[in-house]
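Listed below are the residues making up each chain.
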Amino acid sequence: MTAAIIDGKGFAATLRERVAALVPAFEATAGRKPGLTVVIVGEDPASQVYVRSKGKATEAAGMVSTTHRLPDTTTQDDLLALVRQLNADPAVDGILVQLPLPKHLDESEVIATIDPDKDVDGFHVVNAGRLAVGQEGFVPCTPLGCIMLLEDRLGDLSGLNAVVVGRSNIVGKPMAQLLLAKSCTVTVAHSRTKDLPEVCRRADILVAAVGRPEMIKGNWIKPGATVIDVGINRVDNGEGGTKLVGDVDFASAAEVAGAITPVPGGVGPMTIAVLLRNTLVSAYRRENVALGKGAI
Ligand SMILES: Nc1nc(=O)c2c([nH]1)NC[C@@H]1CN(c3ccc(C(=O)N[C@@H](CCC(=O)O)C(=O)O)cc3)C=[N+]21
């Protein structure tokens, strides 16, 4: 193996500490702590695990964590009414509605109802638009975490060829926008892309966000490239249990890449750390407390 392993878990721990260190100054001025409210509908066990770890991380950073657990039988009107109540609550700086929602609920209407200035997930179309035109708003946590890892590793990204594999609204598209804002030459590849391996081999920065376990192989990677694996796929481990793998075939990719994020321990932990960062930023903005540029 030749690639350096990018320690997302360690970077995320440091980011959470930096967020926590900025909470007391907010509290001293605003007279309250930053608050994140998570809404979860239904009993999906994986979602329950994520929501619990978000709650713990929020409290560990010195912020107020509130969780609304709603039953599977919740109606669209009930859910929209809760979101409107949270929009109006001055103690709530961030609202996160855990996705996916049960099938009878309309996700896009729920997201559209969240106040864009409390949308710490960055999923509202207003925030997607702000990102596209370079205005201040909220950027989705996973792609912002990826940019932080890339800049930590490479410094200035300008002029680099970046290939994003995947075009989802929550990762691929915002990732491409962020890389473009950093002056990369950006290609967005997807399931219909012709000769995907050849396109990937042009990348100095390769971001894999397709949701197909171990699809991207070592011989698709330019020697020395930086590989960011956003995939989190639970697969059979061949011993009657399961394991987590990314969208990149780690063993072969690590022979070729200059640096690579592991799964687990790479991008995943960054997502929660950036959520706390966005909540802190929201709190400072909403109370007009100054947070120096580049402070976090
Ligand atoms: N409104 C909304 N916002 C989200 O940000 C959101 C969501 N809904 N729904 C579910 C996905 C998934 N997600 C993850 C967060 C952390 C890890 C994470 O920390 N993963 C660990 C491993 C965790 C494990 O062992 O299962 C790692 O990669 O090392 C993974 C996945 C946020 N999501």
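Keep in mind it's a predicted model, so treat the numbers as computed, not measured.

### A look at the overall build of the protein
The secondary structure content of the protein amounts to 11 helices and 11 strands. The C-alpha atoms of the protein give a radius of gyration of 19 Å, which matches the 19 Å a tight globule of 296 residues would have. Taken over the C-alpha atoms alone, the protein extends approximately 55 × 45 × 35 Å along its principal axes. Across the 296 residues of the protein, 44% fall into the buried class. Taking the intrachain contacts of the protein between residues at least 6 apart in sequence as the baseline, contacts between residues at least 24 apart amount to 68%.

### Structural notes on the sheet that holds strand β6 (residues 185-189)
In spatial order, the strands read β1-β11-β8-β7-β5-β6; together these six strands make up an open sheet with parallel pairing. In this open sheet, the two strands that pair with only one neighbour each are β1 (4-5) and β6. Alignment of strand β5 (residues 161-165) against β6, held across five bridges, turns out to be parallel. Among the inter-strand pairings, Asn161 is bridged to a residue of β6, identified as Thr185.

### Side note on the pairing of strand β8 (residues 226-229)
Burial of the side chains of β8 extends over both faces: Thr226 and Ile228 are buried on one face and Val227 and Asp229 on the other. Note: strand β7 (residues 205-208) against β8, four bridges, orientation parallel. Among the inter-strand pairings, Ile205 is bridged to a residue of β8, identified as Thr226. The pairing of β8 with strand β11 (residues 259-260) spans two bridges and is classified as parallel. Paired with Thr226 across the strands is Ala259, a residue of β11.

### Considerations on the UniProt feature "domain: Tetrahydrofolate dehydrogenase/cyclohydrolase catalytic" (unreviewed entry) in the protein
Summarizing the sequence annotation, UniProt attributes the feature "domain: Tetrahydrofolate dehydrogenase/cyclohydrolase catalytic" (unreviewed entry) to residues 6-121 in the numbering used throughout. Each end of residues 6-121 is marked by a C-alpha atom, and these two atoms are 24 Å apart; helix forms 50% of the span and strand 16%.

### Considering the nonpolar core
Residues Val164, Val165, Leu206, Val207 and Ala253 are the most contacted members of the largest nonpolar core, which totals 88 residues. Non-local contacts of Val207, meaning those with residues more than four positions away in its chain, are made with Cys146, Ala162, Val164, Val165, Met175, Ile228 and Val230.

### Section: the domain arrangement of the protein
Interface size is commonly expressed as the accessible surface area that is lost when the partners come together. According to the domain assignment, the protein consists of domain 1 (27-120) and domain 2 (141-269). Each of domain 1 and domain 2 was reduced to a C-alpha centroid, and the two centroids are 29 Å apart.

### A look at the sheet that holds strand β4 (residues 94-97)
Sheet strands associate in pairs through backbone hydrogen bonding, adopting either a parallel or an antiparallel arrangement. Pairing is parallel in the open sheet, where three strands are placed in the order β3-β2-β4. Edge positions in the sheet fall to β3 (64-70) and β4, since each has one partner strand and no second. Taking each pair of neighbouring strands and ignoring which way they run, the sheet shows an average axis angle of 15°. Across four bridges, the pairing between strand β2 (residues 35-41) and β4 is parallel. Bridge assignment links Val39 to a residue of β4, and that residue is Val97.

### A few points about the UniProt feature "binding site: NADP(+)" (unreviewed entry) in the protein
When the UniProt feature table is mapped to this numbering, "binding site: NADP(+)" (unreviewed entry) covers Gly166, Arg167, Ser168 and Ile232. Mapping Ser168 onto the fold places it in the loop between β5 and α8 (172-181). Judged by C-beta crowding, with 16 C-beta atoms within 10 Å, Ser168 ranks as partly exposed. For Ser168, the contacting residues outside a window of four places in its chain are Lys173 and Ala209. Position of Ile232 relative to the elements: it lies in the loop between β8 and β9 (233-236). Residue Ile232 is classed as partly exposed on the basis of its 19 C-beta neighbours within 10 Å. Beyond its immediate stretch of four places on either side in the chain, Ile232 contacts Leu244, Val263 and Gly268.

### Some thoughts on α8
Burial analysis of α8 places eight of its 10 residues in the buried class, which makes it a mostly covered element. What α8 keeps buried is the set Gly172, Lys173, Pro174, Met175, Ala176, Gln177, Leu178 and Leu179. Residues of α8 that are buried make contact with α6 (125-133), α7 (141-154), β5, β6 and β7. Backbone geometry just downstream of α8 places Ser183 in the positive-phi region, at approximately 65°.

Rules used in this analysis
Residues numbered from 1 in each chain as written. Predicted model: local features only at pLDDT ≥ 70, side-chain atom pairs only at ≥ 80, totals over all residues. Helix = DSSP H or I, 4+ residues; strand = E, 2+ residues; numbered from the N terminus. Rg over C-alpha atoms; globule rule 2.2 N^0.38 Å. Buried ≥ 20, exposed ≤ 12 C-beta atoms within 10 Å, placed from the backbone. Contact = placed C-beta atoms within 7 Å. Pairing = 2+ DSSP bridges. UniProt positions renumbered as here; feature names shortened; annotations may be inferred. Core = buried A, V, L, I, M, F, W, Y, C linked by C-beta atoms within 7 Å. Domains from an automatic or database assignment. Axes fitted to C-alpha atoms, helices over the stretch in contact; angles between N-to-C directions.

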